[in-house]
Amino acid sequence: MTDHVTSTAGKSQLLYAKSKVFLHLTKHKTGNVEGFLTITKRTASTSNKELAINFIPKSILNSEDVKTLEWFDLYGLDGEKEYSPYHEDANQTKQSSSNEPVKKAYITRPSNSSSTAYAFGVTIGSLYSIAVRPPSIHWKGSIILHSTLGERLPPIFFHDDECPGFKRELSRKRKQFQPFSENNLKGGEIPYWGGDRFITVLRKYAAVEANPAEKTILMINPTPSDLSTFIPQDAIERSNDKTSLFGQGKWKLLTTMAKLTNFTKNKVNEVAQNFEQPEVKAISEDFESARVYLAKWALSIEEEANRTRSKLILNDDYKSLLIEKLGKDFSSLVTPQDINNASRKDPLKKAEWDSYFDTNGLPKITIQEIKDRIFHGGVDPEIRPQVWPYLLQVYPWDVSTQEKHSLEITLQEQYLDLKTCWQTDINKRETDLFKDQKFRIEKDINRTDRDISIFKRLPEETSDDNEDVSVIKNPNLNTLRTILITYNELNANLGYVQGMNDLLSPLYYVIRDETIVFWSFVKFMDRMERNFVRDQSGMRLQMKTLNELTQFMLPEFYLHLEKCESNNLFFFFRMLLVWFKREFPYETILKLWEIFWTDYYSSQFHLFFALALLDKHSNTIINNLSRFDEVLKYFNDLSMTENDVDDLLMRAELLFLKFRSMVNVIDIKERYEGSAQLISSDLRDLIGTELVIQKENEPCSVE
Amino acid sequence: MSSKKKTILKVIILGDSGVGKTSLMQQFVNRKFSQQYKATIGADFLTKELVIDNKNVTIQLWDTAGQERFQSLGVAFYRGADCCVLVYDVTNNKSYDNVVSWKDEFLVQANIKNPETFPFILIGNKIDVEENKRQINNKKAQQLCAQLGNIPYFETSAKEAVNIDQAFDVVARNALQQEESLDFGDDYTDAINIHLDGESSTCGC
């Protein structure tokens with residue numbers, strides 16, 4: 001076509017254009033389809049809902065349109081002059097933040113479909129949601145458009161490294177010191193990427209809201225019911241009047257939902273469609289709790305379905321690749337050297353520990369070396385009180401003796417302030433919430449490790465004392481209560497949750513200094529908070545990750561667990577919640593935890609420890625157990641010893657090394673071929689040593 | 001209905017944290033009481049062989065964590081329950097107030113086919129305390145039973161082994177009856193569902 005530039009007949013105005021976006025049709029780069037992502041306006045009177053979003057393959061565009069699109073990607077929204085944060089130039093062409101076109105540019109009206117060239121498009125009015133996947137070091141960022149018709153369009157990948165328009169945006173962002181994503185989905189840590197601008201621009205023309213249950217799904221012009229379909233279970237208070245449900249037809253719906261025992265994609269869709277039916281909406285209105293349960297179920301069903309779909313049991317291609325690279329049975333994966341390194345050593349003793357530091361108290365060797373030593377041997381009980389606050393990062397490793405002293409004074413003052421605050425605030429102490437939480441803490445304090453010497457019942461404790469839980473005569477337990485109430489005030493959103501007493505008790509047993517115990521507990525809780533959040537999402541995620549890890553590393557055993565309906569790994573709940581505290585002798589837990597705290601290989605090494613436990617018991621279970629309750633009982637009743645811990649730690653280390661090597665081999669293959677990612681990001685995160693932190697966002701209330 | 005099949009009666013014990021669920025179960029199964037029980041995390045169960053009307057059965061008692069947020073995982077082990085024991089502490093008003101919620105939560109999570117007839121038992125535990133510490137009297141407890149559909153009620157002391165066997169005998173009998181009624185097959189229960197649906201359509205609320 002050789003239309004005049006001024007003519008707009010058969011053309012649409014560009015509101016947004018991005019070059020170097022691709023469809024990845026096969027695992028090979030040669031299968032990639034290069035194109036442009038556009039938002040266009042047909043005529044001046046076109047409404048926002050009629051605006052078109054298109055993927056236009058480059059191959060079907062004429063050279064003039066290509067030129068226009070490439071120009072628009074570079075300058076269409078930001079103007080041609082360079083923006084400088086230091087020089088305000090009144091004459092400068094329009095600046096970036098508006099996200100509206102600077103100049104009018106037109107291209108041939110894109111088509112919403114083509115049979116041969118992979119063109120597709122939707123209007124904003126028919127766009128239901130967008131799944132957003134920001135880039136990571138292993139894959140390119142992408143978006144998937146979902147239309148209201150339910151068709152799933154292919155992912156559009158942003159090749160930011162090849163895209164001049166993106167590079168210009170990024171350099172402008174950097175100059176404004178905003179290198180991070182505006183539309184970030186994970187709380188501010190995702191660097192700016194190509195998809196961000198698309199979403200920002202889209203926000204000009206449509207309401208874009210993150211799905212409350214799944215933040216990586218953006219809902220477009222959602223109705224209240226669209227959003228409520230996905231309401232997380234903690235978002236709604238429990239209704240007091242649930243009994244009315246059961247005499248009515250609503251019951252049928254609930255049982256229908258629960259019949260979905262075999263989770264498949266289709267069934268998830270059925271569930272999703274059920275939400276759209278008016279009768280379900282009616283229930284939601286007059287019976288909020290039903291909606292909570294439905295959402296809860298839908299989410300867990302969806303999780304199950306995802307799990308089944310993303311089966312990580314390796315197919316033959318991957319198996320032969322791993323054998324080729326790593327030897328049969330992956331024998332070269334774990335070398336004799338590795339095994340030697342993984343063998344357990346004697347605990348770190350005082351003389352050796354002291355030799356790590358110079359006369360000013362600063363470390364003479366690297367922190368990684370110290371952690372290596374502790375990871376492989378643990379710490380002698382004599383020096384635990386000194387070492388633990390370092391491992392828990394109450395003290396930074398590189399503080400001098402003098403600095404440490406002043407730090408201790410500060411910690412002392414801060415703790416005292418926090419403690420006095422609730423101890424002296426009469427009004428606070430009279431609130432239902434405070435009384436409720438205090439009662440909850442006291443109930444649990446009275447049953448915290450009473451078999452351990454320092455927490456034992458005292459001779460003067462009569463059995464009647466048990467009736468009033470607020471009477472705590474054992475001074476050590478009394479201190480635990482003070483610490484838990486103070487923590488309950490400090491982290492008011494989370495509050496006290498059962499199991500925290502189990503986490504605190506060993507810290508007190510070892511450290512004893514109330515202030516240092518408190519701050520050590522605060523630091524420990526940083527990493528454990530995800531176990532206690534109200535919606536239990538942190539526990540679910542860990543169980544899901546362990547499930548994937550088991551599929552990947554112990555496929556045969558996984559299939560057996562599936563047969564036993566035990567692949568939900570429910571029997572790991574207690575072990576993960578309080579880090580195996582109920583399964584091992586008290587002294588052994590001290591050793592296990594200090595090893596976990598090193599984060600030497602992974603900040604989630606406890607999941608490899610769990611995997612080692614599965615590995616160790618897999619034959620027994622495969623040969624003898626076939627039911628959910630049997631498997632649960634088997635793991636609940638495991639009574640383990642220090643020897644078991646050493647054996648499991650070795651297994652866990654070797655499993656970790658094997659896992660890391662397998663992931664590396666698969667990554668290289670996939671990067672080379674540009675293929676889909678087999679390893680989920682949750683699984684990949686296991687290689688990281690950064691703490692996984694999840695905070696409770698909702699304020700604590702009387703449960 | 002095969003009588004050769006080993007009958008396992010699955011019973012779920014629910015109630016607020018600290019009301020004595022673990023203690024009741026231990027007292028019934030192992031005849032012991034300890035001040036040293038820890039707060040239950042996750043779920044666990046104990047089993048006991050019983051003879052009911054000359055029939056050998058195995059009762060499987062499931063113990064759960066009492067803090068509410070942990071209940072979202074209940075669905076994993078409530079399935080197939082034959083009876084549910086609701087426990088409160090007679091010295092604690094709040095644990096009494098929460099009984100209704102526990103019942104409802106259970107019905108939803110356990111996928112009970114016919115909630116109208118599913119057997120529940122109410123237990124008020126810790127009657128060994130002095131009378132002046134008691135917050136819930138027998139009359140108030142009876143009111144709750146009526147509200148819950150005239151379910152059986154027992155006042156127990158797990159500590160002093162009062163009324164434990166009596167309570168669990170009724171639990172086991174009700175569970176067995178429930179288990180046997182399920183053997184009538186789906187036709188029977190479907191008929192009930194259809195009947196209930198009919199009722200609901202005439203309900204104007």
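Residues numbered from 1 in each chain as written. Chains lettered and ligands numbered in written order. Predicted model: local features only at pLDDT ≥ 70, side-chain atom pairs only at ≥ 80, totals over all residues. Heavy atoms only, no water.

**Quick notes on the overall build of chain A**
As a reminder, the rule being used: Only DSSP runs of H or I with at least four residues qualify as helices, and only runs of E with at least two residues qualify as strands; both kinds are numbered from the N terminus onward. The buried label goes to any residue with under 20% of its type's maximum accessible area, the exposed label to any with over 50%, and the partly exposed label to all in between, with areas taken from a 1.4 Å probe on protein chains only. Contact criterion: two residues are considered in contact whenever any of their non-hydrogen atoms come within 4.5 Å of each other. Accessibility throughout is a Shrake-Rupley quantity obtained with a 1.4 Å probe, and a residue counts as covered only by protein chains that appear here.
Looking only at helices and strands, chain A has 27 helices and 10 strands in total. Buried positions account for 53% of the 703 residues belonging to chain A. Sequence-distant contacts, at least 24 apart, represent 70% of the contacts inside chain A between residues at least 6 apart. Accessible area for chain A stands at about 31,200 Å²; split by element, carbon and sulfur atoms hold 51% of it.

**A few points about the overall build of chain B**
If you tally the helices and strands in chain B, you get 7 helices and 6 strands. Helices and strands in chain B line up, N terminus first, as β-α-β-β-α-β-α-α-β-α-β-α-α. Within chain B, the proportion of its 205 residues that are buried is 58%. Contacts in chain B between residues far apart in sequence, at least 24 positions, make up 72% of those at least 6 positions apart. Counting only carbon and sulfur atoms, one obtains 47% of the accessible surface of chain B, whose full area is about 8,800 Å².

**Considering the packing of helix α20 (residues 537-553) of chain A against helix α24 (residues 605-624) of chain A**
All names here are of chain A. Rules: Only the contacting stretch of a helix is used when fitting its axis, a line to C-alpha atoms as for every element, and angles between N-to-C directions run 0 to 180 degrees. The scheme is simple: roughly parallel for angles under 35 degrees, roughly antiparallel for over 145, roughly perpendicular for 65 to 115, oblique for anything else. Helix crossings fall into two classes, left-handed where the near helix is turned counterclockwise from the far one by less than a right angle and right-handed where it is turned clockwise. Each residue is assigned to one of three groups, with Ala, Val, Leu, Ile, Met, Phe, Trp, Tyr, Cys and Pro labelled nonpolar, Asp, Glu, Lys and Arg labelled charged, and all others, Gly among them, labelled polar.
For the pair α20 and α24, the least separation of the axes is 10 Å and the interaxial angle reads 50°. As the angle between them shows, α20 and α24 are arranged oblique. The crossing of α20 and α24 is right-handed. In this structure, α20 uses Gln542, Thr545, Leu546, Leu549, Thr550 and Met553 to contact α24, whose residues at the interface are His606, Leu607, Phe608, Ala610, Leu611 and Leu614. The residue makeup of the contact of α20 with α24, split by class, is 8 nonpolar, 4 polar and no charged.

**Some words on the confidence of the model for chain A**
All names here are of chain A. Note the threshold: The score called pLDDT rates the predictor's confidence residue by residue, from a low of 0 to a high of 100.
Summary statistics for chain A give a mean pLDDT of 79 and a share of 75% for residues scoring 70 or more. Of all helices and strands in chain A, the one with the weakest mean pLDDT is helix α5 (residues 250-258) (32), whereas helix α18 (residues 500-511) scores best (98). Low pLDDT, under 50, characterises residues 85-94; the predicted model gives this stretch 16 contacts beyond four residues in sequence or across chains. Note on residues 305-312: pLDDT is under 50 here. Beyond four places in sequence and across chains, it has 20 contacts.

**Considerations on the nonpolar core**
Filter applied, for reference: The set of buried Ala, Val, Leu, Ile, Met, Phe, Trp, Tyr and Cys residues whose side-chain atoms join them within 4.5 Å is what this entry labels a nonpolar core.
Membership of the largest hydrophobic core comes to 151 residues, with the highest contact counts inside it found for Trp353, Met500, Phe521, Phe572 and Phe580 of chain A together with Phe106 of chain B. In terms of residue count, helix α26 (residues 642-673) of chain A provides more of this core than any other element does, 11 residues in total. With residues near it in sequence (within four places) discarded, phenylalanine 521 of chain A still touches Ile483, Leu484, Tyr487, Met500, Leu503, Leu504 and Leu507 of chain A. Core analysis: the second largest hydrophobic core is formed by 43 residues, Leu51, Val132, Ile143 and Val201 of chain A among them.

**Considerations on the sheet that holds strand β5 (residues 120-125) of chain B**
Residue and element names in this part refer to chain B. Basically, it comes down to this: Paired strands are those between which DSSP finds at least two bridges.
Taken in spatial order, the 6 strands make up an open sheet running β2-β3-β1-β4-β5-β6, and their pairing is mixed. In this open sheet, the two edge strands, each paired with only one partner strand, are β2 (43-52) and β6 (153-155). In this sheet, adjacent strand axes meet at a mean angle of 25° when their direction is disregarded. For β5 and β6, the ladder comprises 3 bridges, and the chain directions are parallel.

**With respect to the packing of aromatic side chains**
For clarity, the cut-off: Think of it this way: a Phe, Tyr or Trp ring, Trp meaning its six-membered ring, pairs with another when their centres are within 6.5 Å, and the plane angle makes it stacked under 30 degrees, edge-to-face over 60, tilted otherwise. By the criterion adopted, a ring carries a charge over it if an Arg CZ or a Lys NZ lies within 6 Å of its centre and within 35 degrees of its normal.
Evaluated as defined, the whole model comprises 59 aromatic pairs over all chains. Ring geometry for phenylalanine 55 of chain A and phenylalanine 120 of chain A: centres 5.6 Å apart, planes at 20°, overall stacked. Remark: phenylalanine 120 of chain A occurs in strand β5 (residues 120-123) and phenylalanine 55 of chain A occurs in strand β3 (residues 52-57); sequence separation between them is 65 residues. Relative accessible area serves as the criterion here: at 1%, phenylalanine 55 of chain A is assigned to the buried category. The buried category is assigned to phenylalanine 120 of chain A, whose relative accessible area is 7%. Sitting over the face of the ring of tyrosine 509 of chain A, arginine 512 of chain A holds its NZ or CZ atom 5.9 Å from the ring centroid. The ring centre of phenylalanine 45 of chain B lies 5.0 Å from the NZ or CZ of lysine 633 of chain A, which sits over that ring.

**Topic: the pairing of strand β1 (residues 7-15) of chain B**
All names here are of chain B. With 8 of 9 residues buried, β1 is to be regarded as a mostly interior element. Summarising the sheet, β1 and strand β3 (residues 55-64) pair through 7 bridges and their orientation is parallel. Residue pairing for β3: leucine 9 is matched across the bridge by isoleucine 59. Of the pairings in the sheet, the one linking β1 to strand β4 (residues 83-89) comprises 5 bridges and is parallel in character. Bridge pairing in β4 places isoleucine 13 opposite valine 85.

**Things to note about α18 of chain A**
Residue and element names in this part refer to chain A. Operational definition: Given the number of residues in a helix, its expected span is that number minus one, multiplied by 1.5 Å.
For α18, which comprises 12 residues, the first-to-last C-alpha distance of 17 Å matches the rise-based estimate of 16 Å (1.5 Å per residue) to within 8%. Turning to α18, its buried residues are Met500, Asn501, Asp502, Leu503, Leu504, Ser505, Pro506, Leu507, Tyr508, Val510 and Ile511. On its buried face, α18 is in contact with α13 (384-391), α16 (432-445), α17 (475-490), α19 (514-528) and α23 (586-597). At the C-terminal side of α18, arginine 512 shows a positive phi close to 70°.

**Overview of the pattern of salt bridges**
Residues and elements named next belong to chain A. Where we set the bar: The salt bridge criterion pairs a side-chain nitrogen of Lys or Arg with a carboxyl oxygen of Asp or Glu, the two atoms within 4 Å.
With the rule as written, the count across this model stands at 47 salt bridges over all chains. One salt bridge in this structure joins glutamate 169 and lysine 18, with 2.7 Å as the shortest N-O distance. Here glutamate 169, found in helix α2 (residues 164-175), pairs with lysine 18, found in strand β1 (residues 11-24); they are 151 residues apart in sequence, far enough to count as distant. Overall, glutamate 169 belongs to the buried group, its relative accessible area being 6%. Between lysine 428 and glutamate 489 there is a salt bridge, and its shortest N-O distance comes to 2.7 Å. With lysine 428 in helix α15 (residues 426-429) and glutamate 489 in helix α17, this pair connects stretches of sequence that are 61 residues apart. A relative accessible area of 27% means that lysine 428 is categorised as partly exposed. Classification of glutamate 489 by relative accessible area gives partly exposed; the value is 22%. Here the salt bridges do not stand alone but share partners, grouping Lys18, Asp73, Asp78, Glu169, Arg172 and Arg197 into one network.

**Remarks on the packing of α23 of chain A against α26 of chain A**
Residue and element names in this part refer to chain A. Taken N-terminus to C-terminus, the directions of α23 and α26 make an angle of 20°; their axes are 9 Å apart at the nearest point. Between α23 and α26, the angle falls in the class roughly parallel. The two elements α23 and α26 meet at a crossing, and its hand is right-handed. Along its contact with α23, which presents Thr588, Lys591, Leu592 and Ile595, the element α26 presents Glu642, Val645, Asp646 and Leu649.

**Section: the environment of leucine 611 of chain A**
Residues and elements named next belong to chain A. Residue position: leucine 611 is located in helix α24. In sequence terms leucine 611 and leucine 549 are 62 residues apart; their C-alpha atoms lie 7.6 Å from each other. Excluding residues within four positions of it along the chain, leucine 611 makes contact with Leu546, Leu549, Thr550, Met553, Leu554 and Leu655.

**Quick word on the confidence of the model for chain B**
Residues and elements named next belong to chain B. In the predicted model, chain B carries a mean pLDDT of 85, and 86% of its residues have values of at least 70. Low pLDDT, under 50, characterises residues 185-205; the stretch is placed with 16 contacts to residues that sit more than four places away or in other chains. Prediction confidence for the complex, expressed as pTM and ipTM, is 0.65 and 0.86 respectively.

**Observations regarding unusual backbone geometry**
Residue and element names in this part refer to chain A. With phi around 45°, aspartate 449 is a residue other than glycine that occupies positive phi space. Considering the arrangement of structural elements, one finds aspartate 449 in the loop between α16 and α17. By relative accessible area, aspartate 449 is classed as buried at 2%. The phi torsion at glutamate 565 lies on the positive side, around 55°, for a residue other than glycine. Along the chain, glutamate 565 falls in the loop between α21 (555-563) and α22 (573-577).

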